[in-house]
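The lines below spell out each chain.
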Amino acid sequence: MLFWLTELSDGGDFFNLFRYITFRAGGAFLTALFFGFLFGPPLINVLRKRQGKGQPIRADGPETHLAKSGTPTMGGLLIVGALVTSTLLWARLDNAYVWIVLFVTLSFAAIGFWDDYAKVSKQNVTGVPGRLRLALGFLIAAIAAVWAAWYHPPELQYQLALPVFKDVLLNLGWFFIPFAMFVIVGSANAVNLTDGLDGLAIMPVMIAGGALGIIAYAVGRVDFTEYLDVHYVPGTGEILIFAAGLFGGGLGFLWYNAPPAAVFMGDTGSLALGGALGAIAVATKHEIVLGIIGGLFVVEALSVIVQVLYFKRTGKRVFLMAPIHHHYEKKGWAEPQIVIRFWIIALILAMIGLATLKVR
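Cut-offs used in this document
Residues numbered from 1 in each chain as written. Predicted model: local features only at pLDDT ≥ 70, side-chain atom pairs only at ≥ 80, totals over all residues. Heavy atoms only, no water. Axes fitted to C-alpha atoms, helices over the stretch in contact; angles between N-to-C directions. Helix = DSSP H or I, 4+ residues; strand = E, 2+ residues; numbered from the N terminus. Parallel < 35°, antiparallel > 145°, perpendicular 65-115°, else oblique. Contact = heavy atoms within 4.5 Å. Nonpolar A, V, L, I, M, F, W, Y, C, P; charged D, E, K, R; others polar. Buried < 20%, exposed > 50% of the residue type's maximum accessible area, 1.4 Å probe, protein only. Expected span 1.5 Å × (residues − 1). Phe/Tyr/Trp six-rings, centres within 6.5 Å; stacked < 30°, edge-to-face > 60°. Lys NZ or Arg CZ within 6 Å of the ring centre and 35° of its normal. Core = buried A, V, L, I, M, F, W, Y, C linked by side-chain atoms within 4.5 Å.

Asks: What is the right way to look at the packing of helix 5 (residues 176-194) against helix 11 (residues 295-314) in this model?
Replies: To characterise two packed helices, one gives the angle between the axes of the helices and the distance between these axes. Viewed as axis vectors pointing N to C, helix 5 and helix 11 meet at an angle of 80°, and their least axial separation amounts to 8 Å. In this view, helix 5 runs roughly perpendicular relative to helix 11, as classed from their interaxial angle. Along the contact surface, helix 5 presents A190, V191, L193 and T194, while helix 11 presents F297, E300, A301 and V304. In terms of residue class, the contact of helix 5 with helix 11 is made up of six nonpolar, one polar and one charged.

Listed below in structure tokens is the structure:
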């Protein structure tokens, strides 16, 4: 919205700064951070009063989690509110990719809010049936995938770009749509599974979002793509502003989610943020790189899949408890120890993912 202030510029004054994506990204970060600090306490108070007993705690979960009983959920509203507000304020609203990512974020936030509300109101951990959640998620992802493919350059439409192998494009044809749907829905649910300890999910999301924001900015500039030898996707640079809003909003939320958490992000936040990461990857043609940058989320999701399949086949468990962060809890690791070590892993994987931009 503030980009329109450039119409007041003569090319050398303050208003000219709003032409620069990096300047507006900084503004989005600060706006989202301020939003989190300003609205965090009143939102938490409202959630605590409305929810009463707070988020239901799994009876079969780690015993230490019983102490978290009464903590309100739906804190994802704070993150989503911060990043949406900052994006609408600082991004170019004539950019299709911005609207694609916002559409996915808000739609998955709505699914998550419904699920959180069902859990809190019924005081059980079931919520919305899983199949219904998946069906709605795939519908949203299908719309986003077709939308993104429509705006991709003709030479990249329905193509799968590979990291490192810069000259290789796999023509998936219409199969690109279900592939992109899987990326978005898989990312949303992987982040959702990771959100099991205070502060565990939000920092890796911020790290992955920051890395994807850098990639979006790079592939949206023809000079950068020529130097880095990656595919040029015009218009994706504006996604950096969304990523900056995500980072600022994430920091604002982490202030209240740090152990012991005053609020949980809930499915409202985890599904929205995971879906956003998937949408950014599809928009920038970096779906495979998302699997590297978001490798922590992949491992969390795979641990659940492996546990379920192995148990159904043998009646035994591979892990003491899934997702894998609960396995380490059962082994006696302290919660902050798990959280910080997982943050370190997320940062390492993000650096590896960014390194694929410059491999010849």
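Asks: Mind showing me how you'd approach the side chain of K119 here?
Replies: Assignment of secondary structure puts K119 in helix 3 (residues 96-122). Classification of K119 as buried rests on a relative accessible area of 17%.

Asks: I would appreciate a short explanation of unusual backbone geometry in the present structure.
Replies: Omega for the bond connecting P259 with P260 falls within 30 degrees of zero, at -10°, which places this linkage in the cis form. For P260, the position within the fold is in the loop between helix 8 (239-257) and helix 9 (266-283). Cis geometry is found at the peptide bond from A322 to P323, where omega equals 0°. In this fold, P323 is placed in the loop between helix 11 and helix 12 (324-330).

Asks: I would appreciate a short explanation of helix 9 in the present structure.
Replies: Structural remark: α-helix, 3.6 residues per turn; residues separated by three or four positions point the same way. Its 18 residues place the ends of helix 9 26 Å apart at the C-alpha level, agreeing with the 26 Å of an ideal helix rising 1.5 Å per residue. Most of helix 9 is tucked away: 18 of the 18 residues are buried. Following helix 9 by one or two positions, K285 adopts a phi angle in the positive range, close to 65°.

Asks: How should I be thinking about helix 2 (residues 76-90) in this particular structure?
Replies: Taking 1.5 Å per residue as the helical rise, helix 2 with its 15 residues ought to reach 21 Å, and the 21 Å between its terminal C-alpha atoms agrees with that figure. By the criterion of burial, helix 2 is predominantly enclosed, with eleven of the 15 residues buried. Of the residues making up helix 2, those classed as buried are G76, L78, I79, V80, G81, A82, L83, V84, S86, T87 and W90. At its buried positions, helix 2 is contacted by helix 1 (21-51), helix 3, helix 6 (202-219), helix 8 and helix 9.

Asks: Please explain the packing of aromatic side chains as it appears in this structure.
Replies: Where two aromatic rings form a pair, the distance of their centres and the angle of their planes describe that pair. The final tally for this structure, using the stated rule, is twelve aromatic pairs. On the numbers, 6.0 Å between centres and 15° between planes, the contact of F18 with W90 is stacked. Of this pair, F18 sits in the segment before helix 1 while W90 sits in helix 2, placing them 72 residues apart in sequence. Assessed through its relative accessible area of 11%, W90 is described here as buried. Taken together, the ring pairs connect F18, F23 and W90 into an aromatic cluster. Here R221 stacks its cationic end above the ring of F224, 4.4 Å away from the centre of that ring.

Asks: Please explain the nonpolar core as it appears in this structure.
Replies: Where a protein is soluble and globular, its nonpolar side chains tend to be buried together. Membership of the largest hydrophobic core comes to 102 residues, with the highest contact counts inside it found for F108, I202, I215, F242, L273 and I293. A total of 13 residues in this core trace back to one element, the largest contributor, which is helix 6. With residues near it in sequence (within four places) discarded, I202 still touches I79, G250, F253, L254, N257, M265 and L273.

Asks: Is there a simple way to explain the packing of helix 11 against helix 13 (residues 335-355) in this structure?
Replies: Interaxial distance between helix 11 and helix 13 falls to 8 Å at its minimum, and their mutual angle equals 125°. Between helix 11 and helix 13, the angle falls in the class oblique. Between helix 11 and helix 13, the contacting residues are G295, L296 and E300 on the first element and F342, A346 and L349 on the second.

These values are about where atoms sit, not about what they do.
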